[in-house]
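These are the residues of each chain, in order.
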Amino acid sequence: MKLLALDTSTEACSVALLYQGGVIALDEVCPQQHSKRILPMIDGLLAETGLSLTGLDGIVFGRGPGSFTGVRIGVSVAQGLAFGADLPVFGVSTLAAMAQAAVRLHQATQIVAAIDARMAEVYLASFACDANGIVQPLTAEQAVRPQLLAPLGLSGKVMAVGTGWQTYAAELQRAQPARIASDILYPSAQDMLSLAQQAFRDSLFVSAEQAEPVYVRDEVSWKKLPGR
């Protein structure tokens, strides 16, 4: 299985390649530079392994939630590459990717992922790790004001990941006490690969034209406020 993953949904730009059973990854924090950095990063990984796009089995992309512009860039790049190389694609939740990083780095079993969504909101969802070490959603993804978040009801050891926990720690802790992992702020493409492998085996990858972003918050909400 040879899969390329990419994500541009947050301040980070991330690419990873599953090749010969191993993963090679590049992660950069480069706000507003995604459209300039993503293709050179992909070219660098392919050159390092000697692979071409046509030698891959599929492309994985961060489908959101996240920055409206960033999510669009990621989906568009995935579609363009997939069209050109006639490859199937698969979208992975950015929140699930961060939760998967908590399993990889901290052996977490229950995780609440939250991305700072601006406009005084966070994108948030909770997950549990299954027997195969893959996170499964416990709640739907939502855009919510942290102070209005209803108690999530998780007990035992809970890990918190994402920029939302950095910005709104006190408010989110009231809804769900958790240990904050300060080393997991953004989704990484390498964790998207972990989530996509079973989907590939189950033939859940789709054609490029079926690639869909997930914004959670309506597009209209992204329009600038009057006077801004």
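As a reminder, the structure under discussion sits directly above these lines.
Residues numbered from 1 in each chain as written. Predicted model: local features only at pLDDT ≥ 70, side-chain atom pairs only at ≥ 80, totals over all residues. Heavy atoms only, no water.

> Go over the packing of aromatic side chains with me, naming the residues and quoting the values.
Here the structure, examined in full by the defined rule, presents three aromatic pairs. Taking 4.5 Å as the distance between ring centres and 50 degrees as the angle between the ring planes, the aromatic pair formed by Phe68 and Tyr215 counts as tilted. Of this pair, Phe68 sits in helix H2 (residues 68–85) while Tyr215 sits in the segment after helix H6 (189–201); the two residues are 147 residues apart in sequence, bridging distant segments of the chain. We note that Phe68, like Tyr215, is buried. Their ring planes at 90 degrees and their centres at 5.2 Å tell us that Phe200 and Phe205 sit as a pair that is edge-to-face. For Phe205, a relative accessible area of 12% puts it in the buried group. (Phe/Tyr/Trp six-rings, centres within 6.5 Å; stacked < 30°, edge-to-face > 60°. Helix = DSSP H or I, 4+ residues; strand = E, 2+ residues; numbered from the N terminus. Buried < 20%, exposed > 50% of the residue type's maximum accessible area, 1.4 Å probe, protein only.)

> How would you sum up helix H3 (residues 94–106)? Please name residues and give values.
Between the first and last C-alpha of H3 there are 18 Å, a value that for 13 residues agrees with the 18 Å anticipated at 1.5 Å per step. Most of H3 is tucked away: ten of the 13 residues are buried. All buried positions along H3 are accounted for by Thr94, Leu95, Ala96, Ala97, Met98, Ala99, Gln100, Ala101, Ala102 and Val103. Put simply, Ser93 is the residue that caps the front of H3, since its side-chain oxygen is 3.1 Å from the backbone nitrogen of Leu95. Gln107 sits one or two residues past H3 and shows a positive phi near 55 degrees. (Expected span 1.5 Å × (residues − 1). Polar contact = N/O pair within 3.5 Å; in protein donor to acceptor, adjacent residues only side chain to side chain.)

> Explain the side chain of Thr10 to me, and be specific about the residues and the numbers.
Counting through the fold element by element, Thr10 comes out in the loop between strand E1 (3–7) and strand E2 (12–19). Relative accessible area serves as the criterion here: at 7%, Thr10 is assigned to the buried category. Here Thr10 is in contact with His34, Ile115, Tyr186 and Pro187, once residues within four sequence places are set aside. (Contact = heavy atoms within 4.5 Å.)

> So what about the pairing of strand E3 (residues 22–29)? Which residues, and what values?
When E2 meets E3, the two strands line up antiparallel, connected through eight bridges. Paired with Ala16 across the strands is Ala25, a residue of E3. Once E2 ends, the chain turns through two residues before running back antiparallel as E3, passing Gln20 with a positive phi of about 55 degrees. (Pairing = 2+ DSSP bridges.)

> Lay out the nonpolar core in plain terms, naming residues and giving numbers.
Core analysis: the biggest nonpolar cluster contains 35 residues, and Val60, Leu95, Ile111, Phe127, Val135 and Val161 have the highest contact counts within it. Contributing elements (two or more residues each) for this core: E1, E2, strand E5 (89–93), H3, strand E6 (110–116), strand E7 (122–129), strand E10 (159–161) and H6. Here the element with the most residues in this core is H3; it accounts for eight residues. Once residues lying within four places of it in the same chain are set aside, the contact partners of Phe127 are Leu95, Ala96, Ala99, Thr109, Gln110, Ile111, Ala113, Val135, Gln136, Pro137 and Leu138. Of all hydrophobic cores here, the second largest spans 28 residues; its members include Leu45, Leu56, Leu81 and Tyr215. (Core = buried A, V, L, I, M, F, W, Y, C linked by side-chain atoms within 4.5 Å.)

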